[in-house]
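Given next are the chains, with one letter for each unit.
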Amino acid sequence: MEGKYEGDIGHDDHHNPCVEIAMEIHKVETPPKRSSLQKLKNRLKETFFPDDPLRQFKGQSTKQKWLLGFQYIFPILQWGPNYNLNLLKSDVVSGLTIASLAIPQGISYAKLANLPPIVGLYSSFVPPLVYAVLGSSKDLAVGPVSIASLLMGSMLRQEVSPTQDPLLFLQLAFTSTFFAGLFQASLGFLRLGFIIDFLSKATLIGFMAGAAIIVSLQQLKALLGITHFTKEMGLVPVMSSVFHHTKEWSWQTILMGFCFLVFLLVTRHISIKKPKLFWVSAGAPLLSVVVSTLFVFVFKAQHHGISVIGKLEEGLNPPSWNMLHFHGHHIGLVIKTGLITGIISLTEGIAVGRTFAALKNYQVDGNKEMIAIGVMNVVGSTTSCYITTGAFSRSAVNHNAGAKTAVSNIIMAVTVMVTLLFLMPLFQYTPNLVLGAIIVTAVVGLIDIPAAYQIWKVDKFDFVVMLCAFFGVIFISVQEGLALAVGISIFKMVLQMTRPKTVVLGNIPGTDIFRNKHQYQDAVSVPGFLILSIQAPISFANSNYLNERILRWMQDYQEEEETKNHSDLRFVILDLAAVSAIDANGVMFFQELRRVLEKKGVELVLVNPVGEVMEKLQKADGTHDLLQPTNLYLTVGEAVSSRFSSMKVGSC
């Protein structure tokens, strides 16, 4: 830019009617022409292939392309050839460490899903092996997780009782897992990962916190020794059941459960304060299981009010493809359960993987992760496993234990395999109370108060969304609370689309810079000009609102003119730099606005329309009234300089 305003254009100019303004005016360039097919191709590429996965194949030989293709599908082929003994040592340590956590958690989470405890161990054996071959994360530790277990158990229990018809319940759990995996893998294959972005951070924080409280309250059955417990998940029915069955409370169970719960919480606190002592909390659950089991066995505590797991089957995962139900009146239930648990577990798994990848400065491919987790669950559903994903607690232990590759998952799976083959009789006397204490300790970490406070400081509407998810889960149900929060988030997004922000710009004195008058208090109006910035795409959803809002800005200008004796409004300048796209309604909005302003004796001036906007306006402007050179400028400063000059020359 050359030159600047001569004189103070922010104040009344009646005493200086002829103000000269020197500024070089730049032409607004027309974007290069592209065919509709090229536009469609570019739009599809940016929607489905923003990471450009085919970039690595450019300029490669046919043999190299095949090798890169196999490595893309099976990431183990990338790092496998360079695997060495030093990496194995680190992975063995981390694998054994997470196995000590995975075994008690697997048993506990299966009970949370109203499934036989052995299914939790099955789900900690096959899925990690599949993920080790297909997954791209070095730190993700795979297995059952609390939230997905709770969701599956509560949703299936609405139609089928896990106690009265356990076989059908198990069949529905495997079928739901199949549909969850199919949905997850489809998102990856079709590159539709942006769908899971509809679960905002605020929604997830509120949902996780509410679910953590519900999960913890459900454990009161085991920690208090209650035998007749409600099947509902809400806060009110659970607490009502607790206090209506006080006669069933067992002081032996309460004392023992309280001791183990305190022990587990203390070890968790130690590991949080001193991350190098991660092994303290990692080994605490297995130690609790061993000690409590020995205690029950030695003192015959099962005869004194302490309920135990009972005998568990030995052996590896039996096939379950013959148990999948793709017909009958429960098909709608399993599809819905698979869809919801699939989205939640996928969101958690990818978030955990990306979190630890950022700490180690490597990238996790979201689409490959979706495929890996999806295939893992499809295979799992045919091998007696229920929904699994990357667990945060296990992955944190895996990361802190020094895992180098996905081999740590293989080591964990082998350890679980040994347990399934030889150690199952040892769990016969494991008390249910210690499993409840393990679950409570694991889900406490899902209540993220600092993150909630940060949301409150940044965005009050997001905080309301978070509270809706939280209270919806607690007082209504897990899935309905989640649906409520997602609905409110979508409503917020629609509100932002239909009511885009429009601000009045003023001139920073002594410069050719124009900024929001509300934000910059020293920015001043230019007499005869109403300068507005539209800060959103213009579409059918907001074109009518924008038209009404601009006319209201003009009315405000006229009222201000009457009080401050400003000159009449001559120009409305629209800064379109932030308008990334328009549709047919958007084009009609500009045409209609120009006609309305003409009748009022006001000119419409457009500033810096981006390529797509410029192109569509050109195609619609058959009479060349809208995009005349005197009505189209590169910057607001140039537009004001040029039109202000012509206005003054005309008045001289």
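In this convention, every chain numbers its residues from 1, walking through the sequence in written order. Restriction of local features to residues with pLDDT of at least 70 applies here, the model being predicted, together with a cutoff of 80 or more for giving and counting side-chain atom pairs; totals for whole chains, interfaces and linings are based on all residues. Note: side-chain values were computed over all heavy atoms of the structure, leaving out hydrogens and water.

**Focus on the sheet that holds strand 6 (residues 571-575)**
Line of reasoning, step 1. Pairing is mixed across the open sheet formed by six strands, whose spatial order is 4-3-5-6-7-8. Single-partner strands in this sheet number two, and they are strand 4 (514-516) and strand 8 (632-633).
Line of reasoning, step 2. In this description, strands pair whenever DSSP reports at least two bridges between them. Secondary structure elements are taken from DSSP: a helix is a run of H or I of four residues or more, a strand is a run of E of two residues or more, and numbering for both begins at the N terminus. Of the pairings in the sheet, the one linking strand 5 (residues 529-534) to strand 6 comprises five bridges and is parallel in character. By the bridge assignment, Leu530 is partnered in strand 6 with Val572.
Line of reasoning, step 3. Residue contacts are defined here by distance: any two heavy atoms, one from each residue, within 4.5 Å place the two residues in contact. In this analysis, axes come from line fits to C-alpha atoms, helices being fitted only over the stretch in contact, and the angle between any two N-to-C directions falls in the range 0 to 180 degrees. Contacting strand 5, strand 6 and strand 7 (603-607), helix 23 (residues 584-599) crosses the sheet at an angle of about 145 degrees to strand 7.

**Comments concerning the pattern of salt bridges**
Line of reasoning, step 1. Think of a salt bridge as a Lys or Arg side-chain nitrogen and an Asp or Glu carboxyl oxygen that are within 4 Å of each other. Inspection of the entire model under this criterion finds eight salt bridges.
Line of reasoning, step 2. Note that Glu603 and Arg643 form a salt bridge whose closest N and O atoms lie 2.9 Å from each other. Of this pair, Glu603 sits in strand 7 while Arg643 is found in helix 25 (residues 636-651), placing the two residues 40 residues apart along the sequence.
Line of reasoning, step 3. The cut-offs for exposure are 20% and 50% of the maximum accessible area for each residue type, with area from a 1.4 Å probe on protein chains only; residues under the lower value are buried, those over the upper are exposed, and the others partly exposed. Among the residues examined, Glu603 registers a relative accessible area of 29% and is labelled partly exposed.
Line of reasoning, step 4. For Glu612, the salt bridge is made with Lys616, and the minimal N-O distance between the two is 3.2 Å. Taken together, the residues span about one helical turn, with Glu612 and Lys616 both in helix 24 (residues 611-620) at a distance of four residues.
Line of reasoning, step 5. The exposure class assigned to Glu612 is partly exposed, which follows from its relative accessible area of 26%.
Line of reasoning, step 6. If you follow the salt bridges from partner to partner, you end up with Asp459, Asp462 and Lys492 in one network.

**Re the pairing of strand 7**
For a regular strand, side chains alternate in direction, first toward one face of the sheet and then toward the other.
Line of reasoning, step 1. Across the five residues of strand 7, four count as buried, placing the element largely inside the fold.
Line of reasoning, step 2. Pairing between strand 6 and strand 7: five bridges, direction parallel. The residue of strand 7 that forms the bridge with Asp575 is Val607.
Line of reasoning, step 3. Handedness of the crossover joining strand 6 and strand 7 through helix 23 is recorded here as right-handed.
Line of reasoning, step 4. Alignment of strand 7 against strand 8, held across two bridges, turns out to be parallel. Opposite Leu606, over in strand 8, you have Leu632 as the bridge partner. With the strands pointing away from the viewer, any crossover whose connection runs clockwise from the first strand over the helix to the second is right-handed.

**Points about a nonpolar patch on the surface**
Line of reasoning, step 1. Here a patch means residues that are over 30% exposed by relative accessible area and free of salt bridges, tied together within 9 Å if like-charged and within 5 Å if nonpolar (Val, Leu, Ile, Met, Phe, Trp, Tyr). Working definition of accessibility: Shrake-Rupley area with a 1.4 Å probe, residue cover restricted to the visible protein chains. Together, Leu316, Val414, Val418, Leu421, Phe422, Leu423 and Leu426 make up an exposed nonpolar region whose accessible area comes to about 580 Å².
Line of reasoning, step 2. One can find Val414 in helix 17 (residues 407-423).
Line of reasoning, step 3. On the basis of relative accessibility, which here comes to 38%, the residue Val414 falls in the partly exposed class.

**As for the environment of Pro500**
Line of reasoning, step 1. In this fold, Pro500 is placed in the loop between helix 21 (478-498) and strand 3 (502-507).
Line of reasoning, step 2. The sequence separation of Pro500 and Ser320 amounts to 180 residues, and the corresponding C-alpha distance is 53 Å.
Line of reasoning, step 3. Those residues in contact with Pro500 that lie beyond four places of it in its chain are Ala536, Asn542, Tyr545 and Leu546.

**Overview of the nonpolar core**
Line of reasoning, step 1. If you look at the biggest cluster of nonpolar residues, it comprises 109 residues, and the most contacted ones within it are Leu115, Leu150, Phe207, Tyr386 and Leu420.
Line of reasoning, step 2. The element best represented in this core is helix 8 (residues 166-189), accounting for 10 residues.
Line of reasoning, step 3. When residues no more than four places from it in sequence are discounted, the contact partners of Phe207 are Ile147, Leu151, Ile344, Ala469, Val473, Val478 and Leu482.
Line of reasoning, step 4. The next biggest cluster of nonpolar side chains, apart from the first, holds 32 residues, and it includes Met554, Ile582, Leu604 and Leu617. Nonpolar core, defined: a set of buried Ala, Val, Leu, Ile, Met, Phe, Trp, Tyr and Cys residues in which side-chain atoms within 4.5 Å join the residues together.

**Here's the deal with the pairing of strand 3**
Line of reasoning, step 1. With six of six residues buried, strand 3 is to be regarded as a mostly interior element.
Line of reasoning, step 2. Burial along strand 3 is two-sided: Thr502, Val504 and Gly506 and Val503, Leu505 and Asn507, pointing in opposite directions, are all buried.
Line of reasoning, step 3. Judged from the three bridges that link them, strand 3 and strand 5 form a sheet pairing that is antiparallel. Opposite Val504, over in strand 5, you have Leu532 as the bridge partner.

**A word on the UniProt feature "transmembrane region" (unreviewed entry) in the chain**
Line of reasoning, step 1. As recorded in UniProt, the sites labelled "transmembrane region" (unreviewed entry) are residues 167-190, 202-229, 249-266, 278-299, 370-393, 405-427, 433-456 and 463-491.
Line of reasoning, step 2. Helix makes up 96% of residues 167-190 and strand makes up 0%, while its end C-alpha atoms are separated by 34 Å.
Line of reasoning, step 3. A helix fraction of 79% and a strand fraction of 0% characterise residues 202-229, whose end C-alpha atoms lie 32 Å from each other. UniProt positions are given in the numbering used here, feature names are shortened, and annotations may be inferred rather than shown by experiment.

**Topic: the layout of surface pockets**
Line of reasoning, step 1. Using a 1 Å grid laid over the protein atoms alone, points where a 1.4 Å probe fits but cannot get out form a cavity; open sets with protein on both sides within 12 Å along at least 5 of 7 lines form a pocket; any residue with an atom within 4 Å of a point counts as lining. Grid points are joined across faces, edges and corners, and a volume is the space filled by probe spheres set on the points. In this structure, the second largest pocket spans a volume of roughly 950 Å³.
Line of reasoning, step 2. Lining the second largest pocket are 32 residues, and of these Lys111, Asn114, Arg157, Thr163 and Lys221 lie nearest its centre.
Line of reasoning, step 3. Broken down by secondary-structure element, the contributors of at least two residues to the lining of the second largest pocket are helix 4 (85-112), helix 7 (146-157), helix 10 (220-224) and helix 18 (432-444).

**A word on the domain arrangement of the chain**
Line of reasoning, step 1. Domain boundaries assigned for the chain yield domain 1 (17-30 + 499-649) and domain 2 (85-490).
Line of reasoning, step 2. Just so you know, the domain bounds were taken from an automatic or database domain assignment. A separation of 56 Å is found between the C-alpha centroids of domain 1 and domain 2.

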